[in-house]
Number of protein chains: 6
Amino acid sequence: MQLHLCAWPEVETYLKRSKGIVIPIGSTEQHGPNGLLGTDALCPEIIAREAGEEAGFLVGPTFNVGCAQHHLAFPGTITLRPSTMMAAMEDWIDSLVRHGFRQIYFLNGHGGNIGTIQATFAESYAPWSFDADPCPYTLKFRNWWELPGVMDVCKQLFPTGDGSHATASEVAVTYYGYPQAVKDVSMSPKIAPEGDFTDAADYRRNFPDGRIGSDPSQATPEKGAKIVAAAKKALIKEAQAFFGAKG
Amino acid sequence: MQLHLCAWPEVETYLKRSKGIVIPIGSTEQHGPNGLLGTDALCPEIIAREAGEEAGFLVGPTFNVGCAQHHLAFPGTITLRPSTMMAAMEDWIDSLVRHGFRQIYFLNGHGGNIGTIQATFAESYAPWSFDADPCPYTLKFRNWWELPGVMDVCKQLFPTGDGSHATASEVAVTYYGYPQAVKDVSMSPKIAPEGDFTDAADYRRNFPDGRIGSDPSQATPEKGAKIVAAAKKALIKEAQAFFGAKG
Amino acid sequence: MQLHLCAWPEVETYLKRSKGIVIPIGSTEQHGPNGLLGTDALCPEIIAREAGEEAGFLVGPTFNVGCAQHHLAFPGTITLRPSTMMAAMEDWIDSLVRHGFRQIYFLNGHGGNIGTIQATFAESYAPWSFDADPCPYTLKFRNWWELPGVMDVCKQLFPTGDGSHATASEVAVTYYGYPQAVKDVSMSPKIAPEGDFTDAADYRRNFPDGRIGSDPSQATPEKGAKIVAAAKKALIKEAQAFFGAKG
Amino acid sequence: MQLHLCAWPEVETYLKRSKGIVIPIGSTEQHGPNGLLGTDALCPEIIAREAGEEAGFLVGPTFNVGCAQHHLAFPGTITLRPSTMMAAMEDWIDSLVRHGFRQIYFLNGHGGNIGTIQATFAESYAPWSFDADPCPYTLKFRNWWELPGVMDVCKQLFPTGDGSHATASEVAVTYYGYPQAVKDVSMSPKIAPEGDFTDAADYRRNFPDGRIGSDPSQATPEKGAKIVAAAKKALIKEAQAFFGAKG
Amino acid sequence: MQLHLCAWPEVETYLKRSKGIVIPIGSTEQHGPNGLLGTDALCPEIIAREAGEEAGFLVGPTFNVGCAQHHLAFPGTITLRPSTMMAAMEDWIDSLVRHGFRQIYFLNGHGGNIGTIQATFAESYAPWSFDADPCPYTLKFRNWWELPGVMDVCKQLFPTGDGSHATASEVAVTYYGYPQAVKDVSMSPKIAPEGDFTDAADYRRNFPDGRIGSDPSQATPEKGAKIVAAAKKALIKEAQAFFGAKG
Amino acid sequence: MQLHLCAWPEVETYLKRSKGIVIPIGSTEQHGPNGLLGTDALCPEIIAREAGEEAGFLVGPTFNVGCAQHHLAFPGTITLRPSTMMAAMEDWIDSLVRHGFRQIYFLNGHGGNIGTIQATFAESYAPWSFDADPCPYTLKFRNWWELPGVMDVCKQLFPTGDGSHATASEVAVTYYGYPQAVKDVSMSPKIAPEGDFTDAADYRRNFPDGRIGSDPSQATPEKGAKIVAAAKKALIKEAQAFFGAKG
């Protein structure tokens, strides 16, 4: 079930059997010469929707712009300041809690969001902690590539050059979801360098085409299908355990 | 062209010929018994993407959650506080301006966003006005149903019961875009009442099933197609004029 | 009754018979060569005070600086950022609600405030909507020139050149209130151009003396008196209906 | 000169001979059984306008609502949160600096504003201090009752019972400015108690009719005239020295 | 008792006999050629800890960075913006109130903090005042040099050149606390000039070595000991009265 | 060198040879029955000061209150909301950058700070990324227990029961630094349970005495000395590499 394709009475009915929801959360940022700007939002969206369809849990709208200041030197990147992202996530959470959702699971597609997601959870719990009232809801996030079993599939598909940004894996997942957007671009060097970065200028100086450690020209829709299958299976298991735990 | 399906070099190339972009902006909120929670985000998204495809302009990711506090008494509604929405829109704008975009056109799908969009534009221009530097970019928004010619089509299709919330027109547009989500629900009363509201409790008390003045059971994908065709045509004309005006 | 000229026991007594208050809200911004910088604050203040005197309702202090970033290229203009205005209006509202006021009616004198006022109302209602408690108060605003019957008088007095900024009508209202401040300035061109604007630099480039579409040299105290009479009558009727509706 | 009664070209001309402006700043809060809710805004407004008229300097609009949370238990009090007041004052300052004002003098009418005014000044200077650019403007505030010579007059007029809130002096100043608002109320006890307070409930518990240490039934318009005369003279001297110092 | 050296059960036990706590609050900012950057935080910390040890009350961690924008032209100065300091102080207060503390006494070491501390107290009380609930806690601050009897000792020790920034007294207190940090620096001029300042550039222009009106080369650990003894005694008396008053 | 014990000319001199500084950052929160409330601030402070003394680099004041909302059910805990912590850290960073510091190294003592520190770094870099100016400074943080070699020592000293909160290691470090604060408390159970938590109520329900997975009764000053020695050595190496890298 996708929340944005439901009418409100369908959500009302759903809440009678489950208090859980999955929110795909990502970023709109450069993903190298052949990766989609939407990669980090599309990956968790694709996985969550397939899982929700199969397992019958609700998937919310995608939080599609995240923390990507370090990618701003590449056209098309859109970022929130971390403080803005915290405010927006809090409003989403408060809205869902208003309706009775009690387990909110963010399936995250972007490493750069992690700190801000953690800070948001603490910000959201803080008023309850100050007031000494038990908080009625539980927040959880998971990076899709850390779902049990997923990295094994990725390593098998891409023994070298999976990398850490614009990875072959994530590009493959989006190619699976959007085969019409597959881009045939030759990479130079074949595998991009590794390293650190600070702001946008520093990032582009170190990583001229945007990739870090990856050769995403290896990505294909078929490989993406395998990753999605593994991720979907793991997500269903984990989400059901989470939803059931305090349901 | 959809920004989230482009790689960054494609956006870099685009910026050489145009500084304009269309951002669909809407809301995730109840739309009555047969309308989708995503209606207000999906309508401008559907129209903008078709128009961008035909005319070759860039369409950004959809700003899919807006100002919907008054719908929170209906499950599934997600809202931003207006102050949060302003911060988020400013970050989107600042990101796009960073890349050289100079005409940013928000195609809006939600009446409840209008005040906040206007406030955001003033907030975005204010630093330039304080500093006496000319602002290099222009912001514009348009409610899709006010695009020239669209209301004529809607009135023709729905002589009665188009209404002002959960309108037959907007439901039809989403049914055109998502025929798998068409819902067959009988309406009672046939046409919902009209009136005012303040907060969420007041809204639900006045409008028990969420509709205002509408009979959206009239909506069909076919009627939606006609509305989208009219809107697409008008959007292309207006966006091209806007992008060209200061390009 | 003017709140700032009452002692607190008088307000306490008033609250026993009415929960309604009118707050004049405007702007301090250029109004062309012969219009007062205070025009947008003075117009609703003049009208509200006369109406309050006649009908016996309470008129609060004037919110005299609003959203005027686009006028900052003209000396004397003072603006709040929209986000600041929202915070300040919320504090006024919270203060009034604390005392038991339940219908708060903002009589607005500035088109540029409208979006921010709407956003503020949504921001003010939002905590109630999130908490599922019915909000105990109702907020309303009205642009004074849209009070029933007022535009008819204005059009009759100024068949041409009333315009949309530094209008003959609003200048006339302030000349009625402050005859000592009448300024005799010749206009060139007689009627100012019409058009759009973004930030302050853009505004002044397009409208060099600050007027839009108007010839305010037509304004006189006598004409202002007629407008105020019409507005006062309409405001009394509308405010009484509003205060009574939920009183 | 009163800014809100000038047209913008008059301010432009003024700025050629002076970069200084006086802003009356006060509060809207209870002032005991016979004092006006507007007392703290009206006192500096009355004094500043008379002084500006005589000496030819510009007087801005009155910042009429300040920090009065501790008076909220008395109907009619309106307060800003200190953080809101800081944001609003900063916007006023930024607007005036935009036009070329370089000495901004706040004539304050409310002791409860002092801390927030000081904090605002530091907040306004901070960006310059962080950036190592010299700040081009100077901010100053003065409580009107601390203008040289004023307290002498007050003590002479009210040897006992001038007090520290709802003082005989401040009530007299407003009675001078608004003789139509003089209120004949007997005080019990004759002189109110002295003491401390925290929030609004604590204040009203300690000071049931709102006064602290005062017997404002001694106030008359005639006595107010003497105070205003002394304050006007001192303000002119101090403002001219301030405006000239860095002009 | 120092809170940061206690385990939580010790604080739990303490709260059974007292609801009071002392928080040293200061600044990290230049204090002239021989004064420590930590002077304004160390002085109240030294005094409060000795007093807490002797009298058995709890002393919290030191709020060690305050409002020092005007000192930023001297290396080593660290400042909070006033608005940040308010938010941080509020969080400290809310935390302590959560545990049952009811009298929170800030022992302040920096004149530049005063306005912001006052604003914070009003900001902290405001929600209670808006809600009409009595606030359960009381906030108080005291500048250590204004504790009864302290200035007498300082004047006796430093008949001339105690000054108003980088005073001989405060440097002596830190030398007493940190004799290993005594610095032998000759002052030129012997006594620094007096005067006003705005931002950091203005401050350093007026006071090239950072001192205002002082000759801190007179400071010795022995003199510091005398000041601390006087301050400790006064603090114990005042804190006990405060803690007992509403205990 | 400890910044708060330096006079400003000493910092000015230091900046001629190094642009690097270490800031200890921690938390004030319960650490079980025998751990100090200041543990997470004291550990990095102790290590950084010893390292700075030996290697000659500057150590700033300790950021002593962090993100500890989940510990608020235990008396003595003080927390900042994550958003407050971000604002405060930004002000510290901006102050240091103002003076010419270019490598700012936060030595962190609290796992709960990690997300917020990461978010702060992104927030600090964001304006540079939006403006396309290269950011002149680099931010880095390191949890002291993850300094190379430290965990090996800890595991050797505490083969079982080091745990994840109120660890034997961290308690030992503070006992080394503050032997007068060693507390002899028996633990029950000997080793605390492991698990997750959300808000403060949830934490205390799951971990009644505050520990997670640890038996800190094993801590002694002597063991702490060994950990500090290892951490000091590793910190010197890492800080020098960092300061030198872009010095």
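Because the structure is predicted, anything quoted here is derived from the model rather than measured.

K.L.:
So what exactly am I meant to see when it comes to the overall build of chain A here?
P.N.:
Along its length, chain A carries eight helices and four strands. If you list the helices and strands of chain A from N to C, you get α-β-α-β-α-β-α-β-α-α-α-α. By the compact-globule yardstick of 18 Å for 247 residues, chain A fits well, its C-alpha radius of gyration being 18 Å. For chain A, the residues scored as buried account for 66% of the 247 residues in total. Taking contacts inside chain A between residues at least 6 apart in sequence as the whole, the part at least 24 apart equals 75%. In the structure as shown, chain A presents an accessible area of about 8000 Å², 52% of it carried by carbon and sulfur atoms. Across chain A, the centroid of the 21 positively charged side chains sits 5 Å from that of the 27 negatively charged ones.

K.L.:
What's the story with the interface of chain B and chain A in this structure? I'm lost.
P.N.:
In many reports, interface size means the accessible area that the parts give up when they come together. The interface is formed by 53 residues belonging to chain B together with 53 residues belonging to chain A. For the chain B and chain A pair, buried surface summed over both sides reaches about 4100 Å², with 62% attributable to carbon and sulfur atoms. When the buried surface of chain B facing chain A is broken down by residue, Leu-5, Trp-8 and Pro-75 of chain B rank first, second and third, together holding 18% of it. Our enumeration of links across chain B and chain A arrives at eight salt bridges. Ionic pairing is found between Lys-183 of chain A and Glu-10 of chain B, a salt bridge with its closest N-O pair at 3.0 Å. Our count for the contact surface shared by chain B and chain A stands at 25 residue pairs in polar contact (both at pLDDT 80 or more). Contributing elements (two or more residues each) for the side of chain B that touches chain A: α1 (8–17), α3 (82–99) and α7 (200–206) of chain B. In terms of residue count, the dominant contributor to the side of chain B that touches chain A is α3 of chain B (ten residues). Partitioned by chemical class, the residues of the side of chain B that touches chain A number 28 nonpolar, 16 polar and nine charged.

K.L.:
Just checking my understanding: could you explain the interface of chain A and chain E for this structure?
P.N.:
Each partner contributes residues to the interface: chain A has four residues there, and chain E has four residues. A combined buried area of about 290 Å² lies between chain A and chain E, and 61% of that area is made up of carbon and sulfur atoms. Contact with chain E buries surface across chain A, with Ser-129, Phe-130 and Ala-132 of chain A losing the most and accounting together for 100% of the total. At the boundary of chain A with chain E, the tally comes to zero salt bridges. Our count for the chain A to chain E interface comes out at one residue pair in polar contact (both at pLDDT 80 or more).

K.L.:
Honestly, the relation of the copies chain B and chain A in this entry has me stumped. Any pointers?
P.N.:
One copy of the chain maps onto the second through a rotation about an axis and a displacement along it. Mapping chain B onto chain A calls for a screw motion: a turn of 180 degrees about the axis and a shift of 0.0 Å along it, with 0.0 Å RMSD after fitting. The transformation relating the two chain copies, once decomposed into turn and shift, fits a two-fold axis. Most of the interface of chain B is mirrored in chain A, where 100% of its interface residues are also at the interface.

K.L.:
Got a minute to help me understand the pattern of salt bridges in this structure?
P.N.:
Evaluated as defined, the whole model comprises 63 salt bridges over all chains. Close ionic contact of Glu-45 of chain C with Arg-49 of chain C constitutes a salt bridge, the shortest N to O distance being 3.5 Å. One end of the pair, Glu-45 of chain C, and the other, Arg-49 of chain C, are both in helix α2 (residues 39–55), four residues apart, so they sit about a helical turn from each other. For Glu-45 of chain C, a relative accessible area of 11% gives the class buried. A relative accessible area of 23% means that Arg-49 of chain C is categorised as partly exposed. Asp-209 of chain D serves as the salt-bridge partner of Arg-211 of chain D, at 2.9 Å between the closest nitrogen and oxygen.

K.L.:
Help me understand helix α1 (residues 8–17) of chain F in this model?
P.N.:
Think of an α-helix as 3.6 residues a turn; residues three or four steps apart then line up on the same face. Of all the residues in α1 of chain F, the buried ones are Trp-8, Val-11, Tyr-14 and Leu-15 of chain F. Buried positions in α1 of chain F, seen along its axis, are confined to an arc of 110 degrees and lie on one side of it. Counted as exposed and oriented over 90 degrees from the buried face of α1 of chain F: Thr-13, Lys-16 and Arg-17 of chain F. Contacts from the buried residues of α1 of chain F go to α7 (200–206) of chain E together with β1 (20–25), β2 (58–59) and α3 (82–99) of chain F.

K.L.:
What am I meant to see in the arrangement of the chains here?
P.N.:
One finds no contact between chain A and chain D; the C-alpha atoms of the two approach each other to within 18 Å at their closest. The two units chain B and chain E are non-contacting; their minimal C-alpha-C-alpha distance is 18 Å.

K.L.:
Looking at this model, I keep getting lost on the sheet that holds strand β4 (residues 138–143) of chain B. Mind explaining?
P.N.:
Through backbone hydrogen bonds, the strands of a sheet pair up, either in parallel or in antiparallel fashion. All names here are of chain B. Reading across the sheet, the four strands line up as β2-β1-β3-β4 and stay open at both edges, with parallel pairing between neighbours. Strands with a single pairing partner mark the edges of an open sheet, and in this sheet they are β2 (58–59) and β4. Where strand β1 (residues 20–25) meets β2, two bridges bridge the pair, whose relative direction is parallel. When the bridges of β2 are listed, Val-22 appears paired with Val-59. Helix α4 (residues 114–131) rests against β1, β3 (103–108) and β4 of the sheet, and its axis sits at about 175 degrees to β4.

K.L.:
When you look at the packing of helix α3 (residues 82–99) of chain E against helix α4 (residues 114–131) of chain E in this model, what are you seeing that I'm missing?
P.N.:
Angle between the axes and distance between the axes: these two values describe a pair of packed helices. Residues and elements named next belong to chain E. Relative orientation of the contacting elements α3 and α4 amounts to 50 degrees, with a least axis distance of 9 Å. Relative to α4, the element α3 lies oblique. Every pair of crossing elements has a handedness; the one defined by α3 and α4 is right-handed. Of α4, the residues touching α3 (which contributes Pro-82, Met-85, Met-86, Met-89, Glu-90 and Ile-93) are Thr-116, Ile-117, Ala-119, Thr-120, Phe-121, Glu-123 and Ser-124. Residues that form the contact of α3 with α4 fall into these classes: eight nonpolar, three polar and two charged.

K.L.:
Sorry, what's going on with the relation of the copies chain A and chain E here?
P.N.:
For the pair chain A and chain E, the relating rotation is 120 degrees, the translation along its axis is 0.0 Å, and the fit reaches an RMSD of 0.0 Å. Look at the turn and shift together and you get a three-fold axis relating the two. Proximity to the rotation axis, assessed at the C-alpha, singles out Pro-127 of chain A in chain A; its C-alpha lies 8.2 Å from the axis.

K.L.:
Explain the sheet that holds strand β4 (residues 138–143) of chain D to me, please; I cannot follow it from the model alone.
P.N.:
All names here are of chain D. Strand order in the open sheet made by the four strands is β2-β1-β3-β4, with parallel pairing throughout. Taken across any chain shown, the strands that pair with only one partner, and hence form the sheet edges, are β2 (58–59) and β4. Pairing analysis gives six bridges linking strand β1 (residues 20–25) to strand β3 (residues 103–108), with the strands arranged parallel. Its bridge partner lying in β3, Pro-24 is registered against Leu-107. Packing against the sheet, helix α2 (residues 39–55) makes contact with β1, β2 and β3, and its axis sits at approximately 155 degrees to β1.

K.L.:
How should the side chain of Arg-211 of chain F be read in this particular structure?
P.N.:
All names here are of chain F. Relative to the helices and strands, Arg-211 resides in the loop between α7 (200–206) and α8 (221–245). Residue class for Arg-211 comes out buried when judged on its relative accessible area of 0%. Within the structure, the side chain of Arg-211 is placed 3.1 Å from the backbone oxygen of Lys-190, a separation counted as a polar contact. At a separation of 2.9 Å, a polar atom in the side chain of Arg-211 contacts the side chain of Asp-209. The residues contacting Arg-211, other than those within four sequence positions of it, are Gly-32, Pro-33, His-165, Ala-166, Met-187, Ser-188, Pro-189, Lys-190, Ile-191, Ala-192, Pro-193 and Pro-216.

K.L.:
Can you help me understand the pairing of strand β3 (residues 103–108) of chain A in this one?
P.N.:
Residues and elements named next belong to chain A. Counting buried positions along β3 gives six out of six residues, so the element sits mostly inside the fold. Here β3 shows two buried faces, one formed by Gln-103, Tyr-105 and Leu-107 and the other by Ile-104, Phe-106 and Asn-108. Pairing of β3 with strand β4 (residues 138–143), which is carried by six bridges, proceeds in the parallel orientation. Paired with Gln-103 across the two strands is Thr-138, which belongs to β4. For the segment spanning β3, helix α4 (residues 114–131) and β4, crossover handedness is right-handed.

K.L.:
How should I be thinking about the confidence of the model for chain A in this particular structure?
P.N.:
Should the pLDDT be low somewhere, the predicted coordinates at that spot are not to be read in detail. Mean pLDDT over chain A works out to 97, with 99% of the residues at or above the 70 mark. Confidence metrics for the complex model read pTM 0.97 and ipTM 0.97.

K.L.:
Mind showing me how you'd approach the nonpolar core here?
P.N.:
One recurring pattern in soluble globular proteins is that nonpolar side chains are buried together. Counting 141 residues, the largest nonpolar core has Phe-57, Ile-227 and Leu-235 of chain A together with Phe-57, Ile-227 and Leu-235 of chain B as its most contacted members. Among residues more than four places away in sequence, those in contact with Ile-227 of chain A are Trp-144, Val-150, Val-153, Cys-154, Leu-157, Phe-158, Ser-169, Ala-172 and Val-173 of chain A. One finds Leu-42, Ile-78 and Leu-139 of chain E together with Leu-36 of chain F within the second-largest nonpolar core, a separate group that totals 140 residues.

Definitions and limits used
Residues numbered from 1 in each chain as written. Chains lettered and ligands numbered in written order. Predicted model: local features only at pLDDT ≥ 70, side-chain atom pairs only at ≥ 80, totals over all residues. Heavy atoms only, no water. Helix = DSSP H or I, 4+ residues; strand = E, 2+ residues; numbered from the N terminus. Rg over C-alpha atoms; globule rule 2.2 N^0.38 Å. Buried < 20%, exposed > 50% of the residue type's maximum accessible area, 1.4 Å probe, protein only. Contact = heavy atoms within 4.5 Å. Areas by Shrake-Rupley, 256 points an atom, 1.4 Å probe, with all protein chains shown as cover. Lys, Arg positive; Asp, Glu negative; His and termini not counted. Charge placed at Lys NZ, Arg CZ, Asp CG, Glu CD. Buried area = accessible area lost by both parts, 1.4 Å probe. Salt bridge = Lys/Arg side-chain N within 4 Å of Asp/Glu carboxyl O. Polar contact = N/O pair within 3.5 Å; in protein donor to acceptor, adjacent residues only side chain to side chain. Nonpolar A, V, L, I, M, F, W, Y, C, P; charged D, E, K, R; others polar. Least-squares fit on C-alpha atoms with pLDDT ≥ 70 in both. Arc of directions from axis to C-beta. Pairing = 2+ DSSP bridges. Axes fitted to C-alpha atoms, helices over the stretch in contact; angles between N-to-C directions. Parallel < 35°, antiparallel > 145°, perpendicular 65-115°, else oblique. Left-handed = near helix turned anticlockwise from the far one by under 90°. Right-handed = clockwise from strand over helix to strand, strands pointing away. pLDDT = per-residue confidence, 0-100. Core = buried A, V, L, I, M, F, W, Y, C linked by side-chain atoms within 4.5 Å.

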